[in-house]
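Tertiary structure, described
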Amino acid sequence: MALKNYNPTSPARRGLILVDRSGLHKGGPVKALTEGKRKTGGRNNKGHVTSRGIAGGHKQRYRIIDFKRRLWDVEGTVERIEYDPNRTAFIALINYGTAETPDYAYIIAPQRLGVGDKVIAGKKTDVKPGNAMELGQMPVGTIVHNVEMKPGKGGQIARSAGTYVQVVGRDRGMVIVRLNSGEQRYIRSDCMGTVGAVSNPDNGNTNLAKAGRNRWKGIRPLTRGVAKNPVDHPHGGGEGRTSGGRHPVTPWGKPTKGARTRHNKATDKFIIRSRHAKKKG
């Protein structure tokens, strides 16, 4: 998909750059593969705000995506590529049945997957975009997305638009993968992954051009800490405009912008190279 530029016929159109979705399916989703989705307003079950800046936005129906790909050795046909309001990637509708008795499922659409293409999942399959197999059966160097971290749990790594991981080696029943962040880690060889990079790589090059488009997505404005009073934020107060006067922190005084927050010693042994490791050169 390419990017669309708009003529500056109004201030809201000046600088507007969006993804061209003209090649996607024009109608709605398969109703049997959707379910209702409630707005949380960023609040948990006690009514406390745990995720700031969330409110409003368009009503959406959640599309049920097959992240597990455990229907092995059954070939499916791509019926269409659709827009999904719940994620940055596009989704593909797969028919595992026939035209008379269809058996539909949604998967995350990889790049270079088109209508009419065949996809299949199994222990070992052809290395083609959309095919899923165990990581241990993939050739070294394969580009993969929707990667499981535990067998049977479903894909958790590389599900966002344009993302992927690369298989870089094998070691004692484990597979070494390199993530986009630069991190290298071990994953069990019987975990599933889907060949190819995730669709919609131009998603990061868009420009919304006005605050209202973020409100349509359910994202509220965020007030800078230096614009607040000392009672409301550690960066607040001061005579005249200030730049904070200290390393960036959250409203509750916790370091932000790069501070490490990982505390999971049980899985430290699976990380070969941290994404925080300094690059030489």
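A short tour of the structure in this document, coming up.

In terms of helices and strands, the protein carries one helix and 17 strands. Based on the C-alpha atoms only, the size of the protein along its principal axes is roughly 70 × 50 × 45 Å. Out of the 281 residues belonging to the protein, those deemed buried represent 33%. Sequence separation of at least 24 residues holds for 55% of the intrachain contacts in the protein that already meet a minimum separation of 6. For the protein, the accessible surface area stands at approximately 17400 Å², while carbon and sulfur atoms represent 49% of it. Measuring between centres, the 53 positive side-chain charges of the protein sit 11 Å from its 21 negative side-chain charges.

Moving on, we get to the sheet that holds strand β16 (residues 192-195). Within a sheet, neighbouring strands are paired by backbone hydrogen bonds and run either parallel or antiparallel to one another. Overall, antiparallel pairing links the seven strands, which are arranged β9-β16-β10-β13-β14-β15-β17 in an open sheet. Each having just a single partner strand, β9 (132-134) and β17 (271-273) make up the two edges of the open sheet. Along the sheet, successive strands turn relative to each other by an average axial angle of 45 degrees, direction set aside. Sheet topology places strand β10 (residues 143-145) next to strand β13 (residues 165-171); two bridges connect them, and they run antiparallel. Note that in β13 the partner of isoleucine 143 across the bridge is glutamine 166.

A few words now on the nonpolar core. Nonpolar side chains in soluble globular proteins generally cluster together in the buried interior. Grouped together as the largest cluster of nonpolar side chains are 15 residues, with contacts concentrated most on Leu135 and Val165. Looking at this core, the elements that each hand over two or more residues are β13 and β14 (174-178). For leucine 135, the contacting residues outside a window of four places in its chain are Val144, Val147, Val175, Ile187, Arg188, Ser189, Cys191 and Gly193.

Across the five residues that make up strand β6 (residues 91-95), a large majority, five, are buried. Burial of β6 is two-sided: the residues Ile91, Leu93 and Asn95 facing one way and the residues Ala92 and Ile94 facing the other way are all buried.

A few words now on the sheet that holds strand β7 (residues 104-108). Read from one edge of the open sheet, four strands run β7-β6-β5-β8, paired in antiparallel fashion. Strand pairing shows two members of the sheet lacking a second neighbour, β7 and β8 (118-119), which therefore form its edges. Of the pairings in the sheet, the one linking strand β5 (residues 76-82) to β6 comprises five bridges and is antiparallel in character. The residue bridging threonine 77 from the neighbouring strand is asparagine 95, located in β6.

In this structure, β9 lies alongside β16, joined through three bridges in antiparallel fashion. The residue bridging alanine 132 from the neighbouring strand is threonine 194, located in β16. Pairing of β10 with β16, which is carried by two bridges, proceeds in the antiparallel orientation. Across the sheet, histidine 145 pairs through a bridge with threonine 194, a residue of β16.

Time to look at the environment of asparagine 44. Note that asparagine 44 resides in the loop between β3 (34-35) and β4 (62-63). A polar atom in the side chain of asparagine 44 sits 3.0 Å from the backbone nitrogen of lysine 46.

The topology assignment puts isoleucine 91 in strand β6. Taking the C-alpha atoms as reference points, isoleucine 91 and valine 249, separated by 158 residues in sequence, lie 37 Å from one another. Excluding residues within four positions of it along the chain, isoleucine 91 makes contact with Arg63, Ile65, Arg80, Ile81, Glu82, Asp84, Tyr106, Ile107 and Ala109.

What follows covers a positive patch on the surface. Residues Lys4, Arg13, Arg21 and Lys210 make up a contiguous surface patch of positive charge. Relative to the helices and strands, arginine 21 is located in the loop between β2 (17-19) and β3.

Scanning the entire structure with this criterion turns up zero aromatic pairs. Above the plane of the ring of tyrosine 83 lies arginine 21, whose end atom (NZ or CZ) is 4.0 Å from the centre. Here arginine 159 stacks its cationic end above the ring of phenylalanine 67, 3.9 Å away from the centre of that ring.

Rules behind the numbers
- Residues numbered from 1 in each chain as written.
- Predicted model: local features only at pLDDT ≥ 70, side-chain atom pairs only at ≥ 80, totals over all residues.
- Heavy atoms only, no water.
- Helix = DSSP H or I, 4+ residues; strand = E, 2+ residues; numbered from the N terminus.
- Buried < 20%, exposed > 50% of the residue type's maximum accessible area, 1.4 Å probe, protein only.
- Contact = heavy atoms within 4.5 Å.
- Areas by Shrake-Rupley, 256 points an atom, 1.4 Å probe, with all protein chains shown as cover.
- Lys, Arg positive; Asp, Glu negative; His and termini not counted.
- Charge placed at Lys NZ, Arg CZ, Asp CG, Glu CD.
- Pairing = 2+ DSSP bridges.
- Axes fitted to C-alpha atoms, helices over the stretch in contact; angles between N-to-C directions.
- Core = buried A, V, L, I, M, F, W, Y, C linked by side-chain atoms within 4.5 Å.
- Polar contact = N/O pair within 3.5 Å; in protein donor to acceptor, adjacent residues only side chain to side chain.
- Patch = residues over 30% accessible without salt bridge, like charges linked within 9 Å, V, L, I, M, F, W, Y side chains within 5 Å.
- Salt bridge = Lys/Arg side-chain N within 4 Å of Asp/Glu carboxyl O.
- Phe/Tyr/Trp six-rings, centres within 6.5 Å; stacked < 30°, edge-to-face > 60°.
- Lys NZ or Arg CZ within 6 Å of the ring centre and 35° of its normal.

Everything listed here is a matter of geometry and, on its own, says nothing about what the molecule does.
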